[in-house]
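Given next are the chains, with one letter for each unit.
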Amino acid sequence: MALPYILKDFNLFGDGHNWQGQIPELTLPELARRMVEYEGGGMDGPIEVDHGNELQTFEWTAGGMIVDIFDTYGSPIHDAAMLRMTGAYESDEDGGIIPVEIVMRGRHKTINLGDASKGDNNQISVTTSLSYFKLIVDGEEIIERDVPGYVFKVRGVDRLAGRRRALNL
């Protein structure tokens, strides 16, 4: 029998601040490609042509007030906010742990201050639009996506290197 590695715990860092114990929930960014249907003469039907990555967002919730969240809000710089999620995926089969790190840069699109009531933790919901994303699993860089830098790497293979050369970038 094989059991999956389960996310047993995580932490979020924002602009160098350690928010240990203050982030109860996150929705990790989706990896999605923008596909456009194409059918040319001599083809028996359409195919989808890959036109790059879709816009990525990171949604996360702060338990209570974290003033640091507002430091980069409204910045004119596309990667003003730097977020880093660290996670421990653990096996219930052998106790092994796989460390996972996701580094993200972008800007906060929404900060929802939520409902406020006496004695409640008054959670704040944040949506961050990403211009940079890097997934590292057990020390290996799996995905790196730098939109303005025109870099897209999968397990160390830069899939846009040839295009950059062709464009003299």
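Rules used in this analysis
Residues numbered from 1 in each chain as written. Predicted model: local features only at pLDDT ≥ 70, side-chain atom pairs only at ≥ 80, totals over all residues. Heavy atoms only, no water. 1 Å grid on protein atoms, 1.4 Å probe; cavity = no way out; pocket = protein on both sides within 12 Å on 5 of 7 lines; lining within 4 Å. Points joined across faces, edges and corners; volume = space filled by probe spheres on them. Helix = DSSP H or I, 4+ residues; strand = E, 2+ residues; numbered from the N terminus. Buried < 20%, exposed > 50% of the residue type's maximum accessible area, 1.4 Å probe, protein only. Core = buried A, V, L, I, M, F, W, Y, C linked by side-chain atoms within 4.5 Å. Contact = heavy atoms within 4.5 Å.

The protein carries the name Phage major tail tube protein in an unreviewed UniProt entry, which gives Vreelandella alkaliphila as its organism.

Participant: I would appreciate a short explanation of the layout of surface pockets in the present structure.
Facilitator: A probe matching the size of a water molecule, rolled over the atoms, marks out where space remains unfilled. There is about 250 Å³ of room inside the largest pocket. Around the largest pocket, the lining is made up of 15 residues, and of these Arg33, Gly52, Asn53, Phe152 and Leu160 lie nearest the centre. Those elements giving two or more residues to the lining of the largest pocket turn out to be β4 (33-38), β5 (47-53), β10 (140-146) and β11 (151-154). The element best represented in the lining of the largest pocket is β5, accounting for four residues.

Participant: Please explain unusual backbone geometry as it appears in this structure.
Facilitator: Note on backbone geometry: most residues besides glycine have negative phi, and most peptide bonds are trans. For Asp138, which is not glycine, the phi torsion reads 55° and is therefore positive. Residue placement: Asp138 occurs in the loop between β9 (124-137) and β10. Located in the positive-phi region is Asn168, a residue other than glycine, with phi close to 60°. Here Asn168 is to be found in the segment after α1 (161-166). Since its relative accessible area comes to 71%, Asn168 is described here as exposed.

Participant: Can you walk me through the nonpolar core in this structure?
Facilitator: Formed by 25 residues in total, the largest nonpolar core has its most connected members in Leu12, Trp19, Ile23, Phe58, Trp60, Ile69 and Met104. Listing elements by their share of this core, those giving two or more residues are β6 (56-62), β7 (81-91), β8 (97-112), β9, β10 and β11. Looking at this core element by element, the count peaks at five residues for β9. Those residues within four positions of Leu12 in sequence are excluded, and the remaining contacts are His17, Asn18, Trp19, Gln20, Ile23, Leu26, Phe58, Trp60, Leu83, Arg84 and Met85.

Participant: For this particular structure, what's the right way to read the environment of Gly114?
Facilitator: Relative to the elements of secondary structure, Gly114 occurs in the loop between β8 and β9. Sequence separation of Gly114 and Gly64 is 50 residues, and the distance between their C-alpha atoms is 10.0 Å.

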